[in-house]
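Observations on the model geometry
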Amino acid sequence: MKTTVSSIEGSRQGLFINGEFVAPKNGNYIASYDPTTGERWYDLAEADADDVAAAVAAANAAFRNPAWRRMTQTDRGALVRKLAELVRANADTLAEIETRDNGKLLKETWAQMRSMPDSYHYFAGMADKLQGDTIPINRADTLNINLREPLGVVGMITPWNSPLMLLTGTLAPCLAIGNTVVIKPSEHATASTLALAELIHEAGFPAGVVNVVTGTGKSAGEALTRHPGVAKYVFTGSTATGRRIAGNAAQNLVPCSMELGGKSPHVVFGDVEIEHAVNGVVSGVFAAAGQTCVAGSRCFVEASIYDKFIDALIARTARIRVGLPTVDDTDIGPLALADQLSKVEGYVASGVKEGAKVAAGGRRPQKEGLSSGGWYYEPTVMVDAQNDMGFMRDEIFGPVVGVMPFRDEAEMIALANDSHYGLASGIWTKDIDRALRFANQIEAGTVWVNTYRSASFMSANGGFKESGYGRRGGFEVMHEFSRLKNVIIDYSGAMQDPFVIRLK
Ligand code: NDP
């Protein structure tokens, strides 16, 4: 891969359409900023409806191109594996690019990039295992079969928090099945997706199989989600934007897979080692500066240990090191966008107005070596929280946890489920019966017991309620990106006269 952080610095990045990097037809570019300084670091092409139409046309042509359509499953799997190995060979550079783009800790992007090849291999292995079935039918000499086939062009709208890792879980299976793809990354973090496009080209995918259109959600995103040439959308981002995209897609009767926001409950019972539970809560909400959809941002603690737990949580939070994302001893880097910083500050202020108290953090860090233009915020613990306060209801997407006590299981379940979201949940207890009752009653797509944010591409993940629908990961995803076609074959060799049937 030729692209590196320094080759991107100050450059103009093009669109990737039909196997090549091209300038946007309108000649427009917008700036992308470095979260550690707030300064511009490159310009990205601002695609409009014309560029999007060209990308969708290329993807549709590629879908019908025999070089892709008639490629055997084994060869398609091999191509996805080749991409996996290119990602492995360039993992360090991809991590550096993404960290520079969104401010995520380098050790975290490294871990993500290093796990991605396994995910590509996992889905590549399914290319030749996706199969239809044979169904009985009430007729002699007739074969009734279901074929599984690719959908066509899949439009993927990805967020800025973990662009490549979140893309992998849908791109890899889509390619393994034989779909073609148009990706619209967030304007706030496009560089790693464009670098991946270079690897896709290098791997030898036919032109048009994968296309990347950069630009704003308002322009490129809207154009993509209104385009009649797309067979399915995959979206990860806010519930508000998900609603809008689903509305656009509905006009063309196109299905979507939506991974949206969350306000996940993290429950701690009195029978656990407090230190372990504190570590779980801290990593569940403060990792990636809270910019994860599954962040356990509502913490419910059994009243019997509430005071002890709060003391331990405050002490642990105070030891969290906010700093440059590229430095090894940093625990939390900056937020990815200036808007995120204002959003976090706004929710903490409104929480205080509503009666909650800041027990730790609650401000921008004053630390030598950090640029004052960077979008840093201290990890923040809010106590005296109530479930109906704004910061406890809305997704903040920042390092803020609200904590409140509960008396018994019934109250805890009522509080935990009292949210319009239903993405993830966690419980700390040594009582297996209680953990299973929680798993059974909680309205969330993922339940963690005595751990949090532990995930695998081998299991299906997704949301309930306003956290979305559709699943990614596991074999389930192969059904999300393929469709059934029913084929009925008469092998009697003697088609009857259709008018010979009589009432008696
Ligand atoms: P959005 O949901 O608006 O953005 C996510 C993606 O959607 C981006 O690629 C964005 O492009 C694109 N997009 C925006 N508007 C449209 C549109 N009308 N049509 C098609 N695509 C569109 O999130 P924000 O970046 O504005 O962040 C706001 C909040 O969303 C966060 O504070 C957080 O709460 C939540 N969020 C949740 C994520 C998750 O993982 N569940 C991920 C990201 C955000 P562009 O960025 O170029 O506008």
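The sections below set out a description of the structure shown in this document. Every chain begins its residue count from 1, and numbering advances along the sequence as written. Confidence filtering applies because this is a predicted model: local features only for residues at pLDDT of at least 70, side-chain atom pairs given and counted only at 80 or more, and all residues used for totals across whole chains, interfaces and linings. Only hydrogens and water are set aside; all other atoms, that is, all heavy atoms of the structure, feed into the side-chain values.

1. Structural notes on the overall build of the protein
Put simply, the test is: Numbering of helices and strands runs from the N terminus, with a helix taken as a DSSP run of H or I at least four residues long and a strand as a DSSP run of E at least two residues long. All radius of gyration figures rest on C-alpha atoms, and the globule criterion is 2.2 Å times the number of residues raised to 0.38. For the exposure calls, accessible area comes from a 1.4 Å probe over protein chains only, and a residue counts as buried if that area is under 20% of its type's maximum, exposed if over 50%, partly exposed in between. Note on contacts: a residue pair is in contact if any heavy atoms of the two residues lie within 4.5 Å. A residue counts as positive if it is Lys or Arg and as negative if it is Asp or Glu; His and the chain ends are not included. Positions of charges follow a simple convention, taking NZ of Lys, CZ of Arg, CG of Asp or CD of Glu.
Helix and strand counts for the protein come out as 17 helices and 23 strands. Taking 23 Å as the expected radius of gyration for a compact globule of 504 residues, we find that the protein reaches 25 Å, a close match to that expectation. In terms of overall dimensions, the protein has a C-alpha envelope of 85 × 65 × 40 Å along the principal axes. Expressed as a percentage of its 504 residues, the buried residues of the protein come to 56%. Across the protein, the fraction of contacts at a sequence separation of at least 24, relative to all contacts at a separation of at least 6, is 74%. With 49 positive and 56 negative side-chain charges, the protein shows a spacing of 5 Å between the two charge centroids.

2. What to know about the environment of phenylalanine 21
With respect to the helices, strands and loops of the structure, phenylalanine 21 is situated in strand β3 (residues 20-22). As a C-alpha pair, phenylalanine 21 and asparagine 211 span 190 residues in sequence and 9.5 Å in three-dimensional space. When sequence neighbours within four positions are dropped, the list of residues in contact with phenylalanine 21 reads Gly14, Leu15, Phe16, Leu194, Ala197 and Glu198.

3. Examining the packing of aromatic side chains
The condition that has to hold: Classification of ring pairs uses Phe, Tyr and Trp, with its six-membered ring standing for Trp, and accepts pairs whose centres are within 6.5 Å; under 30 degrees between planes counts as stacked, over 60 as edge-to-face, and the remaining range as tilted.
Enumeration over the complete set of coordinates arrives at eight aromatic pairs. Between tryptophan 41 and tyrosine 42 the ring centres are 4.8 Å apart and the planes differ by 90°, which places this aromatic pair in the edge-to-face class. Across the pair, tyrosine 42 and tryptophan 41 agree in class, each one buried. Centroid distance phenylalanine 269 to phenylalanine 406: 5.0 Å. Interplanar angle 70°. Geometry classified as edge-to-face. With phenylalanine 269 in the loop between β13 (265-268) and α11 (274-286) and phenylalanine 406 in strand β17 (residues 400-406), this pair connects stretches of sequence that are 137 residues apart. Take phenylalanine 269 and phenylalanine 406: they sit in the same class, and that class is buried.

4. Topic: the environment of aspartate 394
Looking at the element boundaries, aspartate 394 is found in the loop between α14 (390-393) and β17. Measuring from C-alpha to C-alpha, the distance between aspartate 394 and tyrosine 421 comes to 9.0 Å, with 27 residues separating the pair along the chain. Setting aside its immediate chain neighbours within four residues, aspartate 394 contacts Lys263 and Tyr347.

5. Examining the site of the ligand
Stated formally: By convention in this text, a residue qualifies as near a molecule or strand provided that one of its non-hydrogen atoms is within 4 Å of it. What qualifies as a polar contact is a pair of N or O atoms within 3.5 Å, subject to a donor-acceptor requirement within protein and to the restriction that residues adjacent in sequence count only when both atoms come from side chains. Here the Shrake-Rupley method, with its probe set to 1.4 Å, supplies the accessible areas, and only the displayed protein chains count as covering residues.
Around the ligand, the structure places 28 residues, and the nearest of them are Trp160, Glu187, Glu222, Ser238 and Lys343. The separation between an oxygen atom of the ligand and a polar side-chain atom of glutamine 340 is 2.7 Å. One of the side-chain N or O atoms of glutamate 395 is found 2.8 Å from an oxygen atom in the ligand. In isolation the ligand has 850 Å² of accessible area, and contact with the protein removes 88% of it.

6. What about the side chain of asparagine 211?
The topology assignment puts asparagine 211 in strand β10 (residues 210-212). In terms of polar contacts, asparagine 211 uses its side chain to reach the backbone carbonyl oxygen of glycine 208, at 2.9 Å. If we skip the residues at most four places from it in the chain, asparagine 211 touches Phe16, Ile17, Asn18, Ala55, Ala58, Ala59, Val181, Val182 and Ile183.

7. Concerning the pattern of salt bridges
As a working rule, side chains carrying opposite charge can pair if their charged atoms are close by. What counts is decided by this rule: Throughout this description, the term salt bridge denotes a Lys or Arg side-chain nitrogen within 4 Å of a carboxyl oxygen of Asp or Glu.
Here the structure, examined in full by the defined rule, presents 26 salt bridges. Across the pair glutamate 378 and arginine 363 runs a salt bridge whose closest N-O atoms are separated by 3.3 Å. Taken together, the residues glutamate 378 in the loop between β15 (357-360) and β16 (380-383) and arginine 363 in the loop between β15 and β16 connect sequence positions 15 residues apart. Under the relative-accessibility criterion, arginine 363 is labelled partly exposed at 45%. Linked by salt bridges that have partners in common, Asp271, Glu409, Arg434 and Arg437 make up one network.

8. Focus on helix α5 (residues 91-102)
Heads up, the rule is: To estimate the expected span of a helix, count its residues, drop one, and scale the result by 1.5 Å.
Between its terminal C-alpha atoms α5 stretches 16 Å, which fits the 16 Å expected from twelve residues at 1.5 Å a residue. Along α5, the positions that sit buried rather than exposed are Ala91, Leu94, Ala95, Ile97, Glu98, Thr99, Asp101 and Asn102. Glycine 103 sits one or two residues past α5 and shows a positive phi near 80°.

9. Details of the packing of helix α9 (residues 217-226) against helix α10 (residues 239-251)
Put simply, the test is: Helix axes are fitted to C-alpha atoms over the stretch in contact, other axes to C-alpha atoms as well, and angles between N-to-C directions run from 0 to 180 degrees.
Where α9 meets α10, the closest approach of the two axes is 8 Å, and the angle between their N-to-C directions is 40°. The residues of α10 that touch α9, namely those facing Glu222, Thr225 and Arg226, are Arg244, Ile245, Asn248 and Ala249.

10. What to know about the pairing of β16
As a reminder of what qualifies: Pairs of strands are assigned from DSSP output, requiring at least two bridges between the strands.
Here β16 shows two buried faces, one formed by Thr380 and Met382 and the other by Val381 and Val383. Two strands pair when backbone bridges link them, and β15 and β16 are joined in this way by three bridges, in the antiparallel orientation. For valine 358, the partnering residue across the bridge sits in β16 and is methionine 382. Examined bridge by bridge, β16 and β17 share three bridges and lie parallel to one another. Note on β17: the bridge partner recorded for threonine 380 is valine 400.

11. Section: the environment of methionine 113
Mapped onto the elements of the fold, methionine 113 is located in helix α6 (residues 106-124). Taking the C-alpha atoms as reference points, methionine 113 and glutamate 98, separated by 15 residues in sequence, lie 9.8 Å from one another. Once residues lying within four places of it in the same chain are set aside, the contact partners of methionine 113 are Val87, Ala91, Leu94, Ala95, Glu98 and Leu164.

12. Some thoughts on the sheet that holds strand β4 (residues 29-34)
Reading across the sheet, the three strands line up as β1-β5-β4 and stay open at both edges, with mixed pairing between neighbours. Only two strands of the sheet have a single neighbouring strand rather than two, namely β1 (12-13) and β4. Running over the sheet, α5 touches β4 and β5 (39-45) and is turned about 110° from β5.

13. A look at helix α2 (residues 49-64)
Taking 1.5 Å of rise per residue, the 16 residues of α2 would be expected to cover 22 Å, and the 22 Å separating its terminal C-alpha atoms lies within 8% of that figure. Within α2, burial applies to Asp51, Val52, Ala55, Val56, Ala58, Ala59, Asn60, Ala62 and Phe63. Capping the start of α2 is the job of one residue whose side-chain oxygen sits 3.0 Å from the backbone nitrogen of aspartate 50: aspartate 48.

14. Focus on the side chain of serine 419
Of note, serine 419 is situated in the loop between α15 (409-417) and β18 (421-422). Within the structure, serine 419 has its side chain in polar contact with the backbone nitrogen of tyrosine 421 (distance 3.0 Å). With sequence-adjacent residues up to four places away left out, serine 419 is seen in contact with Lys263, Arg298, Arg393 and Lys465.

Taken by themselves, the reported measurements are silent on function.
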